[in-house]
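# What the coordinates show
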Amino acid sequence: MNKKLQQTINYEIFDSLESMPQADRDLYQQAIAATEKSHSPYSQFKVGAALLLDTGEIIDGANQENMAYPSGLCAERVVAYGASASHPGKKFVKLAIAARNANGDLVANISPCGSCRQSLLEFELKFENDIEILIPAGEGRIMKIESIKQLLPFHFSF
Ligand code: THU
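The following paragraphs examine the structure supplied in this document.

Reading the values: the criteria
- Residues numbered from 1 in each chain as written.
- Predicted model: local features only at pLDDT ≥ 70, side-chain atom pairs only at ≥ 80, totals over all residues.
- Heavy atoms only, no water.
- Core = buried A, V, L, I, M, F, W, Y, C linked by side-chain atoms within 4.5 Å.
- Buried < 20%, exposed > 50% of the residue type's maximum accessible area, 1.4 Å probe, protein only.
- Helix = DSSP H or I, 4+ residues; strand = E, 2+ residues; numbered from the N terminus.
- Contact = heavy atoms within 4.5 Å.
- Phe/Tyr/Trp six-rings, centres within 6.5 Å; stacked < 30°, edge-to-face > 60°.
- Pairing = 2+ DSSP bridges.
- Axes fitted to C-alpha atoms, helices over the stretch in contact; angles between N-to-C directions.
- Near = heavy atom within 4 Å.
- Polar contact = N/O pair within 3.5 Å; in protein donor to acceptor, adjacent residues only side chain to side chain.
- Areas by Shrake-Rupley, 256 points an atom, 1.4 Å probe, with all protein chains shown as cover.
- Nonpolar A, V, L, I, M, F, W, Y, C, P; charged D, E, K, R; others polar.

Buried together is how nonpolar side chains tend to be arranged in soluble globular proteins. If you look at the biggest cluster of nonpolar residues, it comprises 26 residues, and the most contacted ones within it are Leu51, Phe92, Leu95, Ile97, Ile131 and Ile133. The set of elements that each furnish at least two residues to this core consists of strand E2 (46–53), helix H2 (75–86), strand E4 (92–100), helix H3 (114–127) and strand E5 (132–136). Leaving out residues up to four positions away in the same chain, Ile131 has contacts with Phe92, Val93, Lys94, Leu95, Leu120, Phe123, Glu124, Ile145, Glu146, Ser147 and Ile148. Among the nonpolar cores identified, the runner-up in size contains 12 residues, and Leu17, Tyr28, Ala96 and Ala98 belong to it.

Okay, the packing of aromatic side chains next. As enumerated under the stated definition, the model contains 5 aromatic pairs in all. Taking the centre distance of 6.3 Å and the plane angle of 65 degrees together, the rings of Tyr81 and Phe123 count as edge-to-face. Of this pair, Tyr81 sits in helix H2 while Phe123 sits in helix H3, placing them 42 residues apart in sequence. The partly exposed category is assigned to Tyr81, whose relative accessible area is 39%.

Where strands meet in a sheet, backbone hydrogen bonds hold them as pairs that are either parallel or antiparallel. On the basis of which strands lie adjacent, the open sheet formed by 6 strands has the order E1-E6-E5-E4-E2-E3 and mixed pairing. Every interior strand has two partners, whereas the edge strands, strand E1 (11–14) and strand E3 (58–62), have only one. Averaged over all pairs of adjacent strands, the angle between strand axes in this sheet comes to 15 degrees, irrespective of strand direction. Here 4 bridges tie E1 to strand E6 (residues 142–145), and the two strands are oriented antiparallel to one another. Its bridge partner lying in E6, Glu12 is registered against Lys144. On the sheet, helix H1 (residues 22–34) packs against E2, E3, E4, E5 and E6 and is oriented at approximately 45 degrees with respect to E4.

We now examine the site of the ligand. Lining the immediate surroundings of the ligand are Ser43, Phe45, Val47, Asn63, Glu65, Cys74, Ala75, Glu76, Ser111, Pro112 and Cys113. At 2.9 Å from an oxygen atom of the ligand is found a side-chain nitrogen or oxygen belonging to Asn63. Within the contact set of the ligand, an oxygen atom lies 3.1 Å away from a backbone nitrogen or oxygen of Cys113. About the coverage of the ligand: the protein hides 74% of its 370 Å² of free accessible area. Grouping the amino acids of the shell around the ligand by side-chain chemistry returns 6 nonpolar, 3 polar and 2 charged.

Note on placement: Leu53 falls in strand E2. Linking Leu53 and His87, residues 34 residues apart in sequence, is a C-alpha distance of 8.8 Å. Contact partners of Leu53, with chain neighbours within four places excluded, come to Ile59, Ala83, His87, Lys90, Lys91, Phe92 and Val93.

Consecutive side chains of a regular strand alternate in pointing toward one face of the sheet and then the other. When E2 meets E3, the two strands line up antiparallel, connected through 5 bridges. Paired with Ala49 across the two strands is Gly61, which belongs to E3. Taking the residues between adjacent antiparallel strands as the criterion, E2 and E3 are bridged by 4 residues, where Gly56 takes a positive phi near 95 degrees.

Here we come to unusual backbone geometry. The phi torsion at Glu128 lies on the positive side, around 45 degrees, for a residue other than glycine. Tracing the backbone through its elements, the reader meets Glu128 in the loop between H3 and E5. With relative accessibility at 74%, the residue Glu128 sits in the exposed group. Of note, Glu139 is a non-glycine position whose phi angle comes to about 50 degrees, a positive value. Its location among the elements puts Glu139 in the loop between E5 and E6.

Now the structure itself:
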């Protein structure tokens, strides 16, 4: 029988950085600090990411641009590929993302782009382990999304 279905996204909203659990807050603050590692002379948009591994280690990084624009890479993939290459076999547990605009102000809303979602999904599938995502959600709020899968419904995989 034909059906109309829905898919839900499970996420939590924290009113402020201060109201988050300490570990999430530390990870998010590390993502903010990592914006300073950005190489973004073309967009002036500094994205920082901090990834918690199951070992408790945190890998951070930032977007890296190139004068041949498509050669650049988003912060999320810099960190995910870096962690996979430097800590092979370690599960990805949680990823925090923050950004600063050309004025150096924190950006109120940012969410991983489609290519980053697909790239992160690879590790969620590989490790059979959901990756929580922490992102700014307007007016100082922080959103915690339960998994990458939920950010990429009907994802590509084979
Ligand atoms: N960027 C990221 O680092 N992450 C995203 O999820 C989207 C965009 C970077 C790419 C580019 O260096 C700059 O932000 C402006 O698009």
